[in-house]
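Here is what each chain is made of, one letter per residue.
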Amino acid sequence: MFFDADFSRYKKNIILILLTYFSIFAYSHVFFMLPPFLLQRGFQPQSIGWVMSAFYLAATMTRPTAGWFLSQFGIRKTMLFAGSVCFAGACLFACIPLTPHALWGLRFFMGAGFSVFVVATTTYQTLVIPAAIRGPAFSITSIGGVLTSFSIIPLAEFFIKGGHSTYYLVMASLASLVSMCVASFLPPVEKDIVSKGNHNVSYLSLFKETPIKYLLISCLFLGLTDSSIAYASSLAIGRGLNSSIFLMAISSGAVIVRLFGGGLYKKVSRMVIAAPAIGLMGGALMGASFAGSNSSIALWGFLYGVAVGYGYPTHLALIGDMIPEYFRGHASSMVYFAMDISWTLLPIYIGYASALTNVSWAFRGFSLFACVASVLVYIFVWKRIRKNK
């Protein structure tokens, strides 16, 4: 795809955005191995659930402020500020004693920086990537978020199993530092989104003047299904299987779809793809919860990755499809706000449900919910908005 005229023109932007996503999601995904790391140190599942959710609670609460930062200071300054917050939090995380209250506070602080940085990155790509190549281009840039399963997560698992806790704890600091460096090389945005009074850019006007509410409903259920990956390592380990194989299979499916599955966007509307992707994610999680071998969980992980490979970039591309340019900073904030509500709630559910039964049954209950929700989202959200177009 990089060799046609449109992709050649935007090749530099696409590659830099991919690297930006890789580094900032490396910062976040290092902590996918935090549950087993804390279990080794005697933490209870309920405490781990609250520690995990703190990051996403902060992300949820600060998403709306990201739109304000972007409209006041622009994309580059916002990214560098948010990256600095990530770096400071990660350094403290590596240095302080690991207690539940301290971890919760630091995870909250780190989640705030991560939240604003990702919104700024998404807003940037909606402005620099044209509509004609937005679907496949977003599929490629979002590969950065799944490459961590081939690199960062296995490395984190290696450090934890090998007893190299210091190396594990400094991984987030290095990732946040790299994210700031890569962001500084992004070409400037031609369109100025800093508010100068030309438009009434507010969240109230966003909801009044655009169909954002439909997109947010779908993103809420996408986020619920996607957030389960934070406990994917616990699911695999709980079944006596290799968590790295499961996570690498997820990434393989996502990468293959994003590299070679872009043709689907030329044949099928993104509004048609959105809900089935959620359903396939739920079905794959259900299958993984019954897996009895590494090959079986790898197969279900691959199918989950295929669904993620379509679901995540599809919803991000719909921001550019449905929302005017001057609203996109606020729209990106709300999209991530909707998804982060899910990332806040699901770890708490998994923590308590795992304590009551086990992690496999916790996943089965949620997977059934996700499959039903995908059908309802298609019927009452995307089918309705397509009829009204």
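Residues numbered from 1 in each chain as written. Predicted model: local features only at pLDDT ≥ 70, side-chain atom pairs only at ≥ 80, totals over all residues. Heavy atoms only, no water.

### Observations concerning the overall build of the protein
Selection rule: The way it works is that DSSP assigns letters per residue, a run of H or I at least four long becomes a helix, a run of E at least two long becomes a strand, and they are numbered from the N terminus. In this setup the radius of gyration rests on C-alpha atoms only. A globule is expected at 2.2 Å times the number of residues raised to 0.38. For each residue, the accessible area found with a 1.4 Å probe, counting protein chains only, is set against the maximum for its type, and the residue is called buried under 20%, exposed over 50%, and partly exposed in between. Here, residues are in contact when the closest pair of their heavy atoms is within 4.5 Å. Note on areas: Shrake-Rupley, 1.4 Å probe, and residue coverage restricted to the protein chains presented here. Charge convention: Lys and Arg are scored as positive, Asp and Glu as negative, and His as well as the terminal groups of each chain are ignored. For this purpose, a charge sits on NZ of Lys, CZ of Arg, CG of Asp or CD of Glu.
Along its length, the protein carries 19 helices and zero strands. A globule of 389 residues ought to have a C-alpha radius of gyration of about 21 Å, and the protein, at 20 Å, matches this closely. In terms of its C-alpha atoms, the protein occupies a principal-axis envelope of roughly 55 × 45 × 40 Å. Within the span of the protein, comprising 389 residues, buried residues form 58% of the whole. Put simply, of all contacts in the protein between residues at least 6 apart along the chain, 86% involve residues at least 24 apart. Carbon and sulfur atoms form 69% of the exposed surface of the protein, whose accessible area is close to 15300 Å². Across the protein, the 26 positively charged side chains and the 10 negatively charged ones have centroids separated by 6 Å.

### Here's the deal with helix H12 (residues 212-226)
Threshold: Residue count minus one, scaled by 1.5 Å, sets the expected span of a helix.
Compared with an ideal rise of 1.5 Å per residue, which puts 15 residues at 21 Å, H12 spans 20 Å between its outermost C-alpha atoms and is within 8% of the ideal. In terms of burial, H12 is a largely internal element, 11 of the 15 residues being buried. For H12, the full list of buried residues reads Ile 212, Tyr 214, Leu 215, Leu 216, Ser 218, Cys 219, Leu 222, Gly 223, Leu 224, Thr 225 and Asp 226.

### Things to note about the packing of helix H4 (residues 45-73) against helix H5 (residues 75-95)
As a reminder, the rule being used: Axis definition: a line fitted to C-alpha atoms, limited for helices to the stretch in contact. Angles are taken between N-to-C directions and run from 0 to 180 degrees. Angular relationships are summarised with four words: roughly parallel below 35 degrees, roughly antiparallel beyond 145, roughly perpendicular across 65 to 115, and oblique for the angles in between. Under this grouping Gly is polar, as are all residues other than the nonpolar Ala, Val, Leu, Ile, Met, Phe, Trp, Tyr, Cys and Pro and the charged Asp, Glu, Lys and Arg.
Close contact between H4 and H5 brings their axes to 7 Å; oriented N to C, the two are set at 130 degrees. Considering their axes alone, H4 and H5 lie oblique with respect to each other. Residue-level contacts link Phe 69, Leu 70 and Phe 73 of H4 to Ile 75, Lys 77, Thr 78 and Phe 81 of H5. Its residues assigned to classes, the contact of H4 with H5 comprises five nonpolar, one polar and one charged.

### What about the packing of aromatic side chains?
Formally: Put simply, two rings from Phe, Tyr or Trp (the six-membered ring, in Trp's case) pair if the centres are within 6.5 Å, and we call them stacked under 30 degrees between planes, edge-to-face over 60, tilted for the rest. Charge-over-ring placement is defined geometrically: NZ (Lys) or CZ (Arg) within 6 Å of the ring centre, and within 35 degrees of the ring normal.
Taken as a whole and judged by the stated rule, the model has 18 aromatic pairs. For the ring pair Tyr 27 and Phe 55, a centre distance of 6.4 Å and an interplane angle of 50 degrees mean the geometry is tilted. Here Tyr 27, found in helix H2 (residues 11-29), pairs with Phe 55, found in helix H4; they are 28 residues apart in sequence, far enough to count as distant. Seen from their ring centres, Tyr 326 and Phe 327 are 4.9 Å apart, and the 45 degrees between their planes marks the pair as tilted. Each residue in the set Tyr 21, Phe 25, Tyr 27, Phe 55, Tyr 56 and Phe 114 is aromatic and connected to the rest through ring pairs, giving one cluster. Of note, Arg 364 hangs over the ring of Trp 361, and the distance from its end group to the ring centre comes to 4.5 Å.

### Let's talk about the side chain of Ser 332
Mapped onto the secondary structure, Ser 332 falls in helix H18 (residues 328-356). Among all residues touching Ser 332, those that are not within four sequence positions of it are Val 119, Thr 122, Thr 123 and Ile 319.

### Comments concerning the packing of H2 against helix H7 (residues 134-141)
Relative to each other, H2 and H7 sit at 45 degrees, their axes nearing to 8 Å. Here H2 is positioned oblique relative to H7, judged by the angle of their axes. Residue-level inspection shows Ile 14, Ile 17, Leu 18 and Tyr 21 of H2 in contact with H7, the latter providing Ala 137, Ile 140 and Thr 141.

### Considering the side chain of Gln 125
How we decide: Any pair of nitrogen or oxygen atoms within 3.5 Å is treated as a polar contact; in protein, a donor-acceptor pairing is required on top of that, and neighbouring residues in sequence qualify only through side-chain atoms on both sides.
Tracing the sequence through the fold places Gln 125 in helix H6 (residues 100-128). Among the polar contacts made by the side chain of Gln 125, one reaches the side chain of Tyr 21 at a distance of 3.1 Å. Those residues in contact with Gln 125 that sit more than four places away from it in its chain are Ile 17, Tyr 21, Phe 138, Thr 141 and Leu 316.

### Digging into the pattern of salt bridges
Threshold: Salt bridge criterion: a side-chain nitrogen from Lys or Arg within 4 Å of a carboxyl oxygen from Asp or Glu.
Considering all chains together, one arrives at two salt bridges under this definition. Taking the shortest distance from any N to any O, the salt bridge between Arg 270 and Asp 321 comes out at 2.6 Å. Note that Arg 270 is positioned in helix H16 (residues 270-288) and Asp 321 in helix H17 (residues 294-322), a separation of 51 residues in sequence. The class of Arg 270 is buried, set by a relative accessible area of 13%.

### Concerning the confidence of the model for the protein
Operational definition: pLDDT expresses, on a scale from 0 to 100, how confident the predictor is about each individual residue.
With 95% of its residues at a pLDDT of 70 or more, the protein shows a mean pLDDT of 87. Taking the mean pLDDT of every element in the protein, the minimum, 65, falls on helix H1 (residues 5-9) and the maximum, 94, on H16.

### Description of the nonpolar core
Where we set the bar: What makes a nonpolar core is a set of buried Ala, Val, Leu, Ile, Met, Phe, Trp, Tyr and Cys residues whose side-chain atoms join them at distances within 4.5 Å.
Core analysis: the largest hydrophobic core is formed by 123 residues, its most contacted members being Tyr 27, Leu 34, Tyr 168, Leu 215 and Trp 382. No other element matches the 12 residues that H6 contributes to this core. In this structure Tyr 27 touches Phe 55, Cys 86, Ala 90, Met 110, Phe 114, Ala 172, Ala 175 and Ser 176, once residues within four positions along its chain are discounted. Membership of the second largest hydrophobic core comes to five residues, among which are Val 257, Ile 273, Val 306 and Tyr 310.

### Quick notes on the state of the cysteines
This is how it is decided: Put simply, a disulfide is two cysteine sulfurs that come within 2.5 Å.
The full count for this structure, using the stated rule, is zero disulfides. Its sulfur unpaired, Cys 91 is 6.7 Å from the next cysteine sulfur, which belongs to Cys 95. Just so you know, Cys 219 is unpaired, no disulfide at all, and the nearest cysteine sulfur is the one on Cys 371, 19 Å from it. Residue Cys 219 is classed as buried on the basis of its relative accessible area of 0%.

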